[in-house]
Amino acid sequence: MISRVLVPMDGSEMSERALEYAVEAYPNAELTVLHVVGEPSPLWGEAAGIAIADDIDAAAREHADPIFERARAIADEADGDIALDTEVALGHPVRAIINRADEYDTVVIGSHGGTVAERLFVGNVAEKVFRRSPAPVVVVR
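No experiment lies behind these values; they were computed from the predicted model shown.

Caption draft 1: Highlighting helix α4 (residues 93-101). Those residues of α4 lying buried are V94, A96, I97, I98 and A101. On the buried face of α4, the contacting elements are β1 (4-8), β2 (30-37), β3 (83-90), β4 (106-110) and α6 (125-132).

So, in structure tokens, the structure goes:
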């Protein structure tokens, strides 16, 4: 029985579809939405300001708030009472997801997300998580 599900979200349409799938497929499970704020790089964009913030954790949480608000809206639209937790991680998305995956029964992840530049230079997060995760992974398109 699936009782704990990890759903990484990056704000993309595919990550929202992954959460919608998780809510529908596992209505009685505890769902955790994980947003990973990446490491500094030339591709960082608006997240670069987090690296110079006085309180990095608070800045990362603020950066994740719109994604978590959307996640709560998706959960609220579903039938029933969905238990939804949120977490922010700092670092490389694949490592952050894999490091938490063994605490869950499954990981539900969107097939791709982010910008075209991120997909070209960072690689496909979903594919790497699928290959390396200690927990089963559902990839949603």
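Caption draft 2: How the structure looks around the packing of α4 against α6. Two elements in contact, α4 and α6, have axes whose closest approach is 10 Å; the angle formed by their N-to-C orientations is 35°. Handedness of the crossing formed by α4 with α6: right-handed. Residues P93, V94, I97 and I98 of α4 form the contact with α6, whose participating residues are V125, K128, V129 and R132. Counted by class, the contact of α4 with α6 contains six nonpolar, no polar and two charged residues.

Caption draft 3: Inspection of the nonpolar core at higher detail. Core analysis: the biggest nonpolar cluster contains 21 residues, and V5, V7, L19, L31 and V108 have the highest contact counts within it. Those residues in contact with L19 that lie beyond four places of it in its chain are V7, M9, L31, V33, A71, I74 and L84. With 16 residues, the next largest nonpolar core counts L6, V36, I98 and Y104 among its residues.

Thresholds, definitions, all that
Residues numbered from 1 in each chain as written. Predicted model: local features only at pLDDT ≥ 70, side-chain atom pairs only at ≥ 80, totals over all residues. Heavy atoms only, no water. Buried < 20%, exposed > 50% of the residue type's maximum accessible area, 1.4 Å probe, protein only. Helix = DSSP H or I, 4+ residues; strand = E, 2+ residues; numbered from the N terminus. Contact = heavy atoms within 4.5 Å. Axes fitted to C-alpha atoms, helices over the stretch in contact; angles between N-to-C directions. Left-handed = near helix turned anticlockwise from the far one by under 90°. Nonpolar A, V, L, I, M, F, W, Y, C, P; charged D, E, K, R; others polar. Core = buried A, V, L, I, M, F, W, Y, C linked by side-chain atoms within 4.5 Å.

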